Amino acid sequence: MPLETLETQLRKGVLEYCVLGLLEAEPRYGFELVQHLGQADGLLSSEGTIYPLLARMRNEGLVTTEWRESPAGPPRRYYSLTAAGERGLREFRLSWKRFREAVDYVIAPKGGR
Amino acid sequence: MPADAAEILDRYLRELESQLAGLPASDRAEIVLEVRDHFEEARRRLPDPTAADLMNILERLGSPQAIAEEARSRSTAGGAPPPAPALATPPAAYTALEVITLVAWVFWWPLAVVLGAISTRWSRRDKAIAILIELVLLALAAGTVSQTYVSSAGAHWAFTAILFVFPPTVHGIFSAGFLAWKLRHPEPQRWSTPWQVAGRAALIAIGLALVWLLVLGPSLLLFLHSR
């Protein structure tokens with residue numbers, strides 16, 4: 001599999017949990033989430049694709065939304081974690097750590113001299 | 001914003017909307033609304049955006065096709081629905097049930113309330129507003145009649161009954177009109193908390209007014225006349 005395709009698929013798989021991670025500390029609105037994900041290189045290719053993901057996560061009860069006034073401009077839709085979202089994030093942290101360590105262990109440069 | 005940029009955004013959102021065909025109406029509306037808000041937010045953060053800046057925002061958002069593809073691949077509704085043709089007509093916003101409901105409002109509104117309750121194309125809030133419109137009309141009519149003709153005891157209730165219970169209940173056209181409009185404009189209302197509070201207060205006030213106009217006022221008048 002070309003590396004580029006692999007990266008796309010990995011990104012797609014973990015994006016949801018990155019969103020959960022960003023929401024753990026405080027509720028955020030969509031644009032804010034996009035900015036944070038954009039700072040982490042390569043996590044978001046097209047910014048708009050976050051919105052279908054957020055809609056699905058809300059349908060699944062991982063996040064909940066709420067309109068809040070903004071200091072300037074119209075109200076914003078804030079996303080925050082539900083109990084199910086928190087649980088999902090906790091479980092992902094464990095399985096991500098296991099996965100990363102397993103892969104690191106297997107692919108670690110061997111031999112040397 | 002420059003006029004041509006406004007048009008470009010408009011075309012972008014329309015394209016997105018049609019690309020999202022096949023998804024539940026509420027998801028569709030939510031995604032379009034969020035993408036539009038994202039655009040506005042990005043625009044507000046630019047000191048003096050040119051048309052090129054605005055195009056850049058859209059470019060970063062990605063193509064409507066890419067967003068719709070993401071939506072379909074992430075859809076929880078099981079198997080991916082067939083992709084929308086490039087020039088898709090907007091998805092049907094209503095079925096026979098909605099049409100019959102609208103007609104029922106003008107024919108016999110209690111039936112319309114029941115049919116409306118079955119429909120999923122209107123939010124609970126919209127259905128409540130339609131019923132509220134009907135009740136306000138009822139209250140206005142009944143209140144007016146009470147004060148004009150109540151000297152003949154029972155005329156008030158008779159008139160109200162004839163007007164509002166026996167078909168055709170033509171006054172239901174206002175509720176029907178509202179619901180028809182909502183079918184065309186399914187976007188969720190953006191009510192923030194202070195507005196919700198004001199909205200609830202208004203509903204309570206209207207409710208109290210209804211009780212007065214329909215029950216207490218007429219009863220008082222009937223009581224006074226009977227003495």
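Residues numbered from 1 in each chain as written. Chains lettered and ligands numbered in written order. Predicted model: local features only at pLDDT ≥ 70, side-chain atom pairs only at ≥ 80, totals over all residues. Heavy atoms only, no water.

Colleague: Is there a simple way to think about helix H3 (residues 50-59) of chain A in this case?
Modeller: Residues three or four positions apart in an α-helix share a direction because the helix packs 3.6 residues into each turn. Residues and elements named next belong to chain A. In terms of residue burial, H3 counts as a mostly covered element, since eight of its 10 residues are buried. Residues of H3 that are buried include every one of Ile50, Tyr51, Pro52, Leu53, Leu54, Ala55, Arg56 and Met57, and no others. One or two steps after H3, the chain reaches Gly61, where phi turns positive at roughly 80°. (Buried < 20%, exposed > 50% of the residue type's maximum accessible area, 1.4 Å probe, protein only. Helix = DSSP H or I, 4+ residues; strand = E, 2+ residues; numbered from the N terminus.)

Colleague: Quick question: what am I supposed to make of the side chain of B:Lys127 here?
Modeller: One can find B:Lys127 in helix H7 (residues 124-149). Summary of buried charges: B:Lys127 has no salt-bridge partner, and the nearest side chain of opposite charge, B:Glu98, is 7.9 Å away. (Lys, Arg positive; Asp, Glu negative; His and termini not counted. Salt bridge = Lys/Arg side-chain N within 4 Å of Asp/Glu carboxyl O.)

Colleague: Looking at this structure, I do not really get helix H6 (residues 109-118) of chain B. What am I missing?
Modeller: Residues and elements named next belong to chain B. Taken together, the buried positions of H6 are occupied by Trp109, Ala112, Leu115 and Gly116. Along the long axis of H6, the arc covered by the buried residues comes to 110°, so they all point the same way. Exposed and facing more than 90 degrees away from the buried side of H6 are Val114, Ala117 and Ile118. (Arc of directions from axis to C-beta.)

Colleague: Mind showing me how you'd approach the sheet that holds strand E3 (residues 76-81) of chain A here?
Modeller: The antiparallel open sheet is built from three strands, whose spatial order is E1-E3-E2 (chain A). The open sheet terminates on both sides in strands that have one partner only, identified here as strand E1 (28-29) and strand E2 (63-68) of chain A. Judged from the two bridges that link them, E1(A) and E3(A) form a sheet pairing that is antiparallel. Its bridge partner being in E3(A), A:Arg28 is matched across the sheet by A:Tyr79. H3(A) contacts E2 and E3 of chain A of the sheet and is inclined by roughly 110° relative to E2(A). Packed on one face of the sheet, helix H2 (residues 25-44) of chain B meets E1, E2 and E3 of chain A and runs near 115° to E3(A). (Pairing = 2+ DSSP bridges. Contact = heavy atoms within 4.5 Å. Axes fitted to C-alpha atoms, helices over the stretch in contact; angles between N-to-C directions.)

Colleague: Would you mind showing me how to read the interface of chain B and chain A here?
Modeller: One frequent convention defines the size of an interface as the accessible area lost when the parts assemble. Contact with chain B, which involves 29 residues of that partner, is made by 28 residues of chain A. Carbon and sulfur atoms make up 52% of the area that chain B and chain A hide from each other, which totals about 2600 Å². Put simply, chain B and chain A have four salt bridges between them. A salt bridge links B:Arg60 to A:Glu47; its shortest N-O distance comes to 2.6 Å. Viewed at the interface, chain A and chain B are joined by 11 residue pairs in polar contact (both at pLDDT 80 or more). Where the side of chain B that touches chain A is concerned, the elements lending two or more residues are H2, helix H3 (51-61), helix H4 (64-74) and helix H10 (193-226) of chain B. Per element, the largest residue contribution to the side of chain B that touches chain A is 11 residues, and it comes from H2(B). (Buried area = accessible area lost by both parts, 1.4 Å probe. Polar contact = N/O pair within 3.5 Å; in protein donor to acceptor, adjacent residues only side chain to side chain.)

Colleague: Sorry if this is basic, but what is going on with the packing of helix H1 (residues 3-25) of chain A against helix H4 (residues 83-107) of chain A here?
Modeller: Packed helices, taken two at a time, are described by their axes: the angle between them and the distance between them. Residue and element names in this part refer to chain A. Packing of H1 against H4 leaves a shortest axis separation of 10 Å and a crossing angle of 120°. Considering their axes alone, H1 and H4 lie oblique with respect to each other. Considering how the two elements wind past one another, H1 and H4 form a crossing that is left-handed. Of the residues in H4, those in contact with Val14, Tyr17, Leu20, Gly21 and Glu24 of H1 are Gly85, Gly88, Leu89, Phe92, Arg93 and Trp96. A class-by-class count of the residues in the contact of H1 with H4 yields six nonpolar, three polar and two charged. (Parallel < 35°, antiparallel > 145°, perpendicular 65-115°, else oblique. Left-handed = near helix turned anticlockwise from the far one by under 90°. Nonpolar A, V, L, I, M, F, W, Y, C, P; charged D, E, K, R; others polar.)

Colleague: Explain the nonpolar core here, please?
Modeller: Across soluble globular proteins, nonpolar side chains show a tendency to be buried alongside one another. A:Val19, A:Leu37, A:Ile50, B:Leu20, B:Ile31 and B:Val35 are the most contacted members of the largest nonpolar core, which totals 45 residues. The residues contacting B:Ile31, other than those within four sequence positions of it, are A:Tyr51, A:Pro52, A:Ala55, B:Leu20, B:Ile67 and B:Ala71. In this structure, B:Ala142, B:Ala176, B:Leu210 and B:Leu214 belong to the second largest nonpolar core, which totals 19 residues. (Core = buried A, V, L, I, M, F, W, Y, C linked by side-chain atoms within 4.5 Å.)

Colleague: Hey, could you run me through the pattern of salt bridges in this one?
Modeller: When their charged atoms lie close together, side chains carrying opposite charge are able to pair. Using the criterion set out here, one finds 18 salt bridges over all chains in the structure. Here A:Glu26 makes a salt bridge to A:Arg28, at a shortest N to O gap of 3.6 Å. Taking the relative accessible area as the measure of exposure, A:Glu26 reaches 39% and is therefore partly exposed. The exposure class assigned to A:Arg28 is buried, which follows from its relative accessible area of 9%. Put simply, B:Arg45 and B:Glu41 hold a salt bridge, and the shortest N to O gap is 3.1 Å. Relative accessible area serves as the criterion here: at 5%, B:Glu41 is assigned to the buried category. In this structure, a network of salt bridges that share partners links the residues A:Arg76, B:Glu41, B:Arg44 and B:Arg45.

Colleague: Whenever I open this one, the packing of helix H2 (residues 30-39) of chain A against H3(A) confuses me. Can you help?
Modeller: Residues and elements named next belong to chain A. Between H2 and H3, the shortest axis-to-axis distance is 11 Å and the interhelical angle comes to 120°. Put simply, H2 runs oblique to H3. When you trace H2 past H3, the crossing you get is right-handed. The segment H2 lies against H3, with Gly30, Phe31, Leu33, Val34 and Leu37 engaging Ile50, Tyr51 and Leu54. For the contact of H2 with H3, the residue count by class is seven nonpolar, one polar and no charged.

Colleague: Looking at this structure, I do not really get the packing of aromatic side chains. What am I missing?
Modeller: We describe a pair of aromatic rings using the distance from one ring centre to the other and the angle between the two ring planes. Residues and elements named next belong to chain A. Using the criterion set out here, one finds five aromatic pairs over all chains in the structure. Aromatic pair Tyr17 and Phe92: ring centres 4.2 Å apart, planes at 5°, arrangement stacked. Linking Tyr17 in helix H1 with Phe92 in helix H4, this pair joins segments that are 75 residues apart in sequence. With a relative accessible area of 24%, Tyr17 lands in the partly exposed category. Accessibility expressed as a relative area gives 18% for Phe92, which makes it buried. Each residue in the set Tyr17, Phe92, Trp96 and Phe99 is aromatic and connected to the rest through ring pairs, giving one cluster. Cation over ring: Arg68 sits above Tyr78, and NZ or CZ is 4.7 Å from the ring centre. (Phe/Tyr/Trp six-rings, centres within 6.5 Å; stacked < 30°, edge-to-face > 60°. Lys NZ or Arg CZ within 6 Å of the ring centre and 35° of its normal.)

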